[in-house]
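Tertiary structure, described
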Protein chains: 2
Amino acid sequence: MARPESNGGSRAATLSDVARLAGVSLATASKAINGRDQVAATTRQRVIEAAESLAFTPNALARSLTAGRTGTVGLLTSDLEGRFVIPILMGAEDAFGAGQINVFLCDARGDAIREQHHLKALLNRRVDGIIVVGRQTDPRPSLGHDLPVPVVYAYAPSDDDTDVSVTPDNVTGGRLAAEHLIATGRRRIAHISGDPAYAAAQDRTVGVQAALAGAGLELVGDVLYSEWSEHWGRDASALLLASHPDVDGIVCGSDQIARGVLDTLRDLGKRVPEDVAVIGYDNWEVLATNSRPELTSIDANLKQLGRAAAMRIFDAIDGIEPDTGVHHLPVRLVIRGSTIPRR
Amino acid sequence: MARPESNGGSRAATLSDVARLAGVSLATASKAINGRDQVAATTRQRVIEAAESLAFTPNALARSLTAGRTGTVGLLTSDLEGRFVIPILMGAEDAFGAGQINVFLCDARGDAIREQHHLKALLNRRVDGIIVVGRQTDPRPSLGHDLPVPVVYAYAPSDDDTDVSVTPDNVTGGRLAAEHLIATGRRRIAHISGDPAYAAAQDRTVGVQAALAGAGLELVGDVLYSEWSEHWGRDASALLLASHPDVDGIVCGSDQIARGVLDTLRDLGKRVPEDVAVIGYDNWEVLATNSRPELTSIDANLKQLGRAAAMRIFDAIDGIEPDTGVHHLPVRLVIRGSTIPRR
DNA sequence: CTGTTAGCGCCTTCAG
DNA sequence: CTGAAGGCGCTAACAG
């Protein structure tokens, strides 16, 4: 392991070390290193060589102190465990990385106290902006408006409409799912979803209903709500098929539920997609591409959501006034074998 | 959204603002705020009130500049997508959070160039230490020894034995899995694993073989290697049962594979665990607790691994010499219905 | 107990 | 084109 002492016992080289070695003043060294033009080419060369021979690394802290901006952003998540949080992180980290900004990761683990604690730490560190990533699409409490930096809420929108939030368009997602089943000729469509307390469940149902209404159809049976699990998918579909054996399409509230549905249909001897088409939600690849048949699903483009949040922070840092409110970002349909038979 | 301007156009309050308002000197204000004892109680009270009324936040950058340490650590991951990386991040973030250290998250996305880039950025920001998290347990190139900060490698150990690495003990994991099947009375045990190019696959196999040898048993058939997928689990187990219909226990290289195995066994009319016991690996809860029956598995304690890495960084920062080399951290058996019938 | 004085490492005027 | 001086916000000696 590299240890501080392994560096010869000397602390990191500083700009004045470089200046001294190059035989110039501190100011000149600074200009040379930072590519300012008021310095002779030969001098610059000499400085750069000196810097290299000392393994000089500019101290970003000192730089930030005067610059007023640190080139860092806080990523405040409510729960890293959440499967939806990770792709958003990735998208944001990616977008910032390209812009030379580094990201502080803070996991509040669903605890408001811890969140306040982390928020304070981020402000102490003078981050240039904060992205708050929630685990559900239900609105969450705003951090408030008396913060000295721009804040964007991702996935879980702020409950304050004068904040800036980005979240997936679940209503459209539900609509796309149902419309796809209708487009493949299904007419007796049911909907099995997860925990009805989630806005995601309600929003998707709204979309499904809208699509059916648009096609002059009605949902087969009531929406079946319970939890976001494979087990529930198995049970719910057994229930559904018992009362409505003629169902020919099932919109599922999640891929996990859809996996359970596929299981039960197989047990009951129903062919997918010939007898019943099944569509999931989330496009969780591990589940969707390993089922038999592979699962058509709705992808919320979460990486892009993360990127979008990052872009809005960028803009805000640059002084561009953001349009406040909740922005519903587009989702997309990913078609696989559970709705369209393979040829 | 909170914007800098929303703060009344004034920049953040500084310590001298506080001092002025409280009618004391800068140094006294500093002492009062930081709980030093050489300050009168009444004075301290006055300063604290002034600070509050100005919403003063100490500037961590300025503080770090003199302190020599920043209270930040870099988390350099090779691939955030990797399922194993996240729990390690969580464990590390958690451990650091408790110690008031903040974490820079950098995703190199498997690219060595990007990794160097991020490394440089972390050093510019004067992190106090770096944890390098890999996506596989195969050794990875060392970052080298000429770094001014301690480095710990997690999951993917460094290929340099004088570095400090923590990684799960896959050999013991394989052994625990096989021993458990043996303990439940199985004698005709097979092993279906993933990509043989992974050290994880090889190590687990070694453990399985050792357990069998210890019980005077031999593996049924050859180890079946291909990929870490449910599909492969289905295919491999079909193959296995065709040539060895008398198998009564299957150690799987991952939970995904095990899920596929369960599928095929059900198709073939084999009861689990009565006819064949199945054990997975990774204890990926979403998969393990949603199968029929639920899946016994080996848990690598990844959160703890992340915590362990953090602890070693803590120690190194405190000047404690770490013991170099690869540390294999304990794994644990999680028993569910796929190996022990429910009563 | 309180205040004054130096810096930490860097960048940015402003003279030379 | 180069150098000297001031300051970013804070803390750690020292004096008083």
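Below or above, wherever it landed, is the structure these notes cover. (Residues numbered from 1 in each chain as written. Chains lettered and ligands numbered in written order. Predicted model: local features only at pLDDT ≥ 70, side-chain atom pairs only at ≥ 80, totals over all residues. Heavy atoms only, no water.)

1. Here's the deal with the relation of the copies chain A and chain B
- For the match of chain A to chain B, the screw axis carries a shift of 0.0 Å, the RMSD comes to 0.1 Å, and the turn is 180 degrees. Seen this way, the second copy is the image of the first under a two-fold rotation axis. Residue F104(A), judged by its C-alpha, is the member of chain A lying nearest the rotation axis, at 2.3 Å.
- Taken together, the interface assignments show that 99% of the residues at the interface of chain A recur at the interface of chain B, consistent with an identical surface on both copies. (Least-squares fit on C-alpha atoms with pLDDT ≥ 70 in both. Contact = heavy atoms within 4.5 Å.)

2. Remarks on helix α9 (residues 230–243) of chain B
- Taking 1.5 Å of rise per residue, 14 residues should cover 20 Å, and α9(B) covers 20 Å from first to last C-alpha, within 8% of that figure.
- Buried within α9(B) we find E230(B), W232(B), G233(B), R234(B), A236(B), S237(B), L240(B) and L241(B).
- Summarising the contacts, the buried residues of α9(B) are in contact with α10 (255–267) and α11 (285–288) of chain A together with β6 (189–192), β7 (249–252) and α10 (255–267) of chain B. (Helix = DSSP H or I, 4+ residues; strand = E, 2+ residues; numbered from the N terminus. Expected span 1.5 Å × (residues − 1). Buried < 20%, exposed > 50% of the residue type's maximum accessible area, 1.4 Å probe, protein only.)

3. As for the packing of aromatic side chains
- Within this structure, the stated rule accounts for 8 aromatic pairs over all chains.
- A centroid spacing of 5.5 Å and a plane angle of 20 degrees characterise the contact between F84(B) and Y155(B), whose relative ring orientation is stacked. With F84(B) in the loop between β1 (72–77) and α5 (85–98) and Y155(B) in the loop between β4 (151–154) and β5 (164–168), this pair connects stretches of sequence that are 71 residues apart.
- For Y155(B), a relative accessible area of 4% corresponds to the buried category.
- Here R83(A) stacks its cationic end above the ring of W284(A), 3.7 Å away from the centre of that ring.
- If you follow R204(A) out to its NZ or CZ, it ends over the ring of Y281(A), 3.7 Å from the centre. (Phe/Tyr/Trp six-rings, centres within 6.5 Å; stacked < 30°, edge-to-face > 60°. Lys NZ or Arg CZ within 6 Å of the ring centre and 35° of its normal.)

4. Thoughts on the interface of chain A and chain B
- Opposite the 74 residues of chain A that make contact, chain B presents 73 residues.
- Taken over both partners, the interface formed by chain A and chain B buries close to 6400 Å², and the fraction arising from carbon and sulfur atoms is 51%.
- At the boundary of chain A with chain B, the tally comes to 11 salt bridges.
- Of the charged contacts, one joins R292(B) and D267(A) as a salt bridge, the two residues approaching to 3.2 Å between their closest N and O atoms.
- Between chain A and chain B we count 34 residue pairs in polar contact (both at pLDDT 80 or more) in total.
- Residue composition of the side of chain A that touches chain B, grouped by class: 31 nonpolar, 24 polar and 19 charged. (Buried area = accessible area lost by both parts, 1.4 Å probe. Salt bridge = Lys/Arg side-chain N within 4 Å of Asp/Glu carboxyl O. Polar contact = N/O pair within 3.5 Å; in protein donor to acceptor, adjacent residues only side chain to side chain. Nonpolar A, V, L, I, M, F, W, Y, C, P; charged D, E, K, R; others polar.)

5. So, the protein's contact with DNA strand D
- Near DNA strand D lie 23 residues; those nearest to it are K31(A), T43(A), T14(B), L15(B) and R63(B).
- Backbone atoms, meaning sugar and phosphate, make up 73% of the atoms of DNA strand D lying within 4 Å of the protein.
- Between T28(A) and DNA strand D, the recorded distance is 2.9 Å, taken from a side-chain N or O atom to a phosphate oxygen.
- Measuring from a base nitrogen of DNA strand D, one finds a backbone N or O atom of A62(B) at 3.4 Å.
- Elements supplying a minimum of two residues to the surface near DNA strand D: α2 (26–33) and α4 (60–67) of chain A together with α2 (26–33) and α4 (60–67) of chain B.
- Of the residues assigned to the surface near DNA strand D, the class counts are 11 nonpolar, 9 polar and 3 charged. (Near = heavy atom within 4 Å.)

6. Some thoughts on the nonpolar core
- Ranked by size, the top nonpolar core spans 96 residues in total, and within it F96(A), I131(A), V251(A), F96(B), I131(B) and V251(B) carry the most contacts.
- Setting aside residues up to four positions removed in sequence, V251(A) forms contacts with A177(A), A178(A), L181(A), I189(A), A190(A), H191(A), I192(A), V208(A) and I279(A).
- Core analysis: the second largest hydrophobic core is formed by 28 residues, L76(B), L143(B), L147(B) and V151(B) among them. (Core = buried A, V, L, I, M, F, W, Y, C linked by side-chain atoms within 4.5 Å.)

7. So, the sheet that holds strand β3 (residues 129–133) of chain A
- Across the sheet, which stays open at both edges, the 12 strands sit in the order β10(A)-β5(A)-β4(A)-β3(A)-β1(A)-β2(A)-β2(B)-β1(B)-β3(B)-β4(B)-β5(B)-β10(B) with mixed pairing between neighbours. Each of the sheet's edge strands pairs with one partner strand only, and the pair in question is β10 (325–329) of chain A together with β10 (325–329) of chain B. In this sheet, neighbouring strand axes are inclined to one another by 25 degrees on average, regardless of whether the strands run parallel or antiparallel.
- Bridge analysis of β4(B) against β5(B) gives 3 bridges, and the strand direction is parallel. Among the inter-strand pairings, Y153(B) is bridged to a residue of β5(B), identified as S165(B).
- The strands that helix α6 (residues 112–124) of chain B touches are β2 (102–107) of chain A together with β1, β2 (102–107) and β3 (129–133) of chain B; relative to β2(B), the one it contacts most, it runs at about 160 degrees. (Pairing = 2+ DSSP bridges. Axes fitted to C-alpha atoms, helices over the stretch in contact; angles between N-to-C directions.)

8. Side note on helix α8 (residues 199–214) of chain A
Residue and element names in this part refer to chain A.
- If you check α8, its first and last C-alpha atoms are 22 Å apart, about what 16 residues at 1.5 Å a residue would give, namely 22 Å.
- Inspection of α8 places A199, A200, A201, R204, T205, G207, V208, A211 and L212 among the buried residues, and these make up the whole buried set.
- The positive-phi residue at the C-terminal boundary of α8 is G216, with phi of around 70 degrees.

9. Quick notes on the protein's contact with DNA strand C
- Near DNA strand C you find 23 residues, and of these T14(A), L15(A), R63(A), K31(B) and T43(B) are the closest.
- In DNA strand C, atoms within 4 Å of the protein come 71% from sugar and phosphate.
- A distance of 2.4 Å is found between a phosphate oxygen of DNA strand C and a backbone nitrogen or oxygen belonging to L15(A).
- In this structure, a phosphate oxygen belonging to DNA strand C sits 2.8 Å away from a main-chain N or O atom of S25(B).
- Contributing elements (two or more residues each) for the surface near DNA strand C: α2 and α4 of chain A together with α2 and α4 of chain B.
- Broken down by element, the surface near DNA strand C gets its largest block of residues, 3 residues, from α2(B).
- Within the surface near DNA strand C, the residues separate by chemical class into 10 nonpolar, 10 polar and 3 charged.

10. Remarks on the pattern of salt bridges
- The full count for this structure, using the stated rule, is 41 salt bridges over all chains.
- Two residues, D282(A) and R83(A), come together in a salt bridge whose shortest N-O distance is 3.5 Å. Here R83(A) lies in the loop between β1 (72–77) and α5 (85–98) and D282(A) lies in the loop between β8 (277–279) and α11, a separation of 199 residues in the sequence.
- Judged by its relative accessible area of 16%, D282(A) is buried.
- Exposure remark for R83(A): the relative accessible area of 25% places this residue in the partly exposed category.
- A salt bridge links E81(B) to K303(A), with the nearest nitrogen and oxygen atoms 4.0 Å apart. With one member in each of two chains, E81(B) in the loop between β1 and α5 and K303(A) in helix α12 (residues 302–317) form a pair that bridges those chains.
- On the accessibility criterion, K303(A) (33% relative accessible area) is partly exposed.
- By sharing partners, the salt bridges in this structure join E230(A), R234(A), D263(A), D267(A), R259(B), R266(B) and R292(B) into a single network.

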